[in-house]
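Next come the chains, spelled out residue by residue.
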Amino acid sequence: MKFTETNSRYVFVDAHVHNLISCFTIFNKKRLTLNPQKLRNNVARLFSLGLSAAFTDHGTLEPYKALQRNHYRGEKILDNSHTIVDHGRFLEIHKDGRMIYIICGEEFMTKVNNRPAGHVLAFGLKDPIKDRMTPQATIEAIKAQKGIIIAAHIFHYGGLRVKYLKQLYHEFDAVELTAADVLNIANKRAINFIKKQQHVRRLNYIFDSDAHLADSIGKGFWGFPKRLIEGKADTQFIANLKNYLRDPASCIPCNMGKYKLKDVTLHYPRKYMELIRHYNGRKVKH
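What comes next is a walk through the structure. The model shown is predicted, which means the values in this text are computed figures rather than measured ones.

Conventions adopted
Residues numbered from 1 in each chain as written. Predicted model: local features only at pLDDT ≥ 70, side-chain atom pairs only at ≥ 80, totals over all residues. Heavy atoms only, no water. Salt bridge = Lys/Arg side-chain N within 4 Å of Asp/Glu carboxyl O. Helix = DSSP H or I, 4+ residues; strand = E, 2+ residues; numbered from the N terminus. Buried < 20%, exposed > 50% of the residue type's maximum accessible area, 1.4 Å probe, protein only. Pairing = 2+ DSSP bridges. Phe/Tyr/Trp six-rings, centres within 6.5 Å; stacked < 30°, edge-to-face > 60°. Expected span 1.5 Å × (residues − 1). Polar contact = N/O pair within 3.5 Å; in protein donor to acceptor, adjacent residues only side chain to side chain.

Moving on to the pattern of salt bridges. Throughout the structure, instances matching the rule amount to 7 salt bridges. A salt bridge links D234 to R89, with the shortest nitrogen-to-oxygen separation between them at 3.7 Å. Here the residue D234 occupies a position in helix 6 (residues 234-246), and R89 occupies one in the loop between strand 5 (82-86) and strand 6 (90-95), the gap between them amounting to 145 residues. R89 matches D234 in its accessibility class, with the two residues each being buried. Between K143 and E171 there is a salt bridge, and its shortest N-O distance comes to 3.1 Å. One end of the pair, K143, is in helix 3 (residues 135-144); the other, E171, is in the loop between helix 4 (162-167) and strand 10 (174-178), and 28 residues separate them in sequence. Classification of E171 as partly exposed rests on a relative accessible area of 22%. Within the structure, one salt-bridge network assembled from shared partners comprises E140, K143 and E171.

In C-alpha cells form, the structure reads like this:
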C-alpha cells in the first residue's frame, strides 16, 4: 500500500517500529549492536509509504538518538539528500520535497516478582527508562517525563496482563491493537475488553505493525490531526497528542487493512474508515 501525506489534514503514523532485533533483548540483557543500514532501510520504507513513525525499541533510545545525531560510531546514517530537523522528542526528516516525522519512544518489558507482566509503550521520551520494572514503576517513570503511555498489543504475545491492565486502567492514554495478530484473535479480545470497561472509562485504541523488519512497517497505522504537531515545540506536541488520545470524543482513524473487525466502529463513525483515502485526495492502492 502506498499513499502520500501531501495536503493531508492528518499525520499517519506506525507508532511501533523496531530498529534492533528487540525480541531477543527480552530474554537477555546483552544489548545488540545497532546496524545503521537497518535504520536507513526503515527510513526509506517510511518515505516510500509516506508514513511517519515512533521508534520503540526495547529498553533503549539508542536508534532514535543515533538518527538524531545522524551518525553511529563514526558512521553517517542518512546521506545529504536528507535534512533532519531536530525538535528534541521528535524529528522532521525532509527528502525530495517530502517530509516524515519520527517520534522518540521505547517499549518496556515489565516484571512483578521476577515474572513477566507484559509490555508497555511510551512515546515522547527525553531520556531512556530502565527496563524490567513493575508496570506501576514503569508508568510513573514515563509520567515523570510527561510521556504518552500505551498498553501494548494486549491479549497478544507479550501484551500487558489483564490483572495489571485493570489495576492501572486510568493511567493509560490508549490501548494498542497490532497487525502482528495475524488471526485477529487478540485484537477481537481487546475490543471486547474495551467495550466491557466503558463503564469505568472509554479508552481509545490505536493500530500499529510492531514491525521488526522494514517490510512489515505500515501493516498497521493510525492518524492524528496535523495541527497537533505543526509549528509546535516537542513538549507541546506530546501534550497535544496525549490529550487527543485520552479524549473519548476523538475519532482516531486506524488503517486495519485486512485486519477488519466486526466492532471496528466502536470509537469512530464509519465514515472515518475512509479518512486515509479521502484526506490524501486519491484512492489507496492495495
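The rest of the description comes next.
Here the focus is the pairing of strand 8 (residues 115-123). Of all 9 residues in strand 8, 7 are buried, a share of seventy percent or more. Two elements, strand 7 (residues 98-112) and strand 8, share 8 bridges in a ladder whose sense is antiparallel. For K111, the partnering residue across the bridge sits in strand 8 and is P116. Taking the residues between adjacent antiparallel strands as the criterion, strand 7 and strand 8 are bridged by 2 residues, where N113 takes a positive phi near 55 degrees. Pairing of strand 8 with strand 9 (residues 148-151), which is carried by 4 bridges, proceeds in the antiparallel orientation. In the sheet register, V120 faces strand 9, and the bridge partner there is A151.

With that settled, the discussion passes to the packing of aromatic side chains. Under the counting rule described, the total for this entry stands at 8 aromatic pairs. Arranged with centres 6.2 Å apart and planes meeting at 75 degrees, the rings of F12 and F221 form a pair that is edge-to-face. Placement of F12 in strand 1 (residues 10-17) and of F221 in strand 12 (residues 221-225) is noted, with a sequence separation of 209 residues between them. The class of F12 is buried, set by a relative accessible area of 0%. Aromatic rings pair up to connect F90, Y101, W222, F224 and F237 into one cluster.

Phi angles above zero are rare outside glycine, and R73 is one such case at about 50 degrees. Its place among the elements puts R73 in the loop between strand 3 (71-72) and strand 4 (75-76). Looking at R73, the relative accessible area reads 67%, which means it is exposed. Phi at D96 takes a positive value of approximately 50 degrees, unusual for a residue other than glycine. Position of D96 among the secondary structure elements: in the loop between strand 6 and strand 7.

Between the first and last C-alpha of helix 1 (residues 36-49) there are 20 Å, a value that for 14 residues agrees with the 20 Å anticipated at 1.5 Å per step. Burial in helix 1 covers these residues: P36, K38, L39, N42, V43, L46, F47 and L49. In this structure N35 caps helix 1, since a side-chain oxygen of it lies 3.0 Å from the backbone nitrogen of Q37. In the stretch just after helix 1, G50 is the one whose phi turns positive, near 75 degrees.

Let's shift gears to the pairing of strand 12. With 5 of 5 residues buried, strand 12 is to be regarded as a mostly interior element. The two faces of strand 12 match: F221, G223 and P225 on one face and W222 and F224 on the other face are all buried. In this structure, strand 1 lies alongside strand 12, joined through 4 bridges in antiparallel fashion. Following the sheet pairing, F12 is matched in strand 12 by G223. Pairing of strand 12 with strand 13 (residues 254-255) involves 2 bridges; the strand directions are antiparallel. When the sheet's bridge partners are listed, F221 is paired in strand 13 with N255.

None of this, on its own, says anything about what the molecule does.
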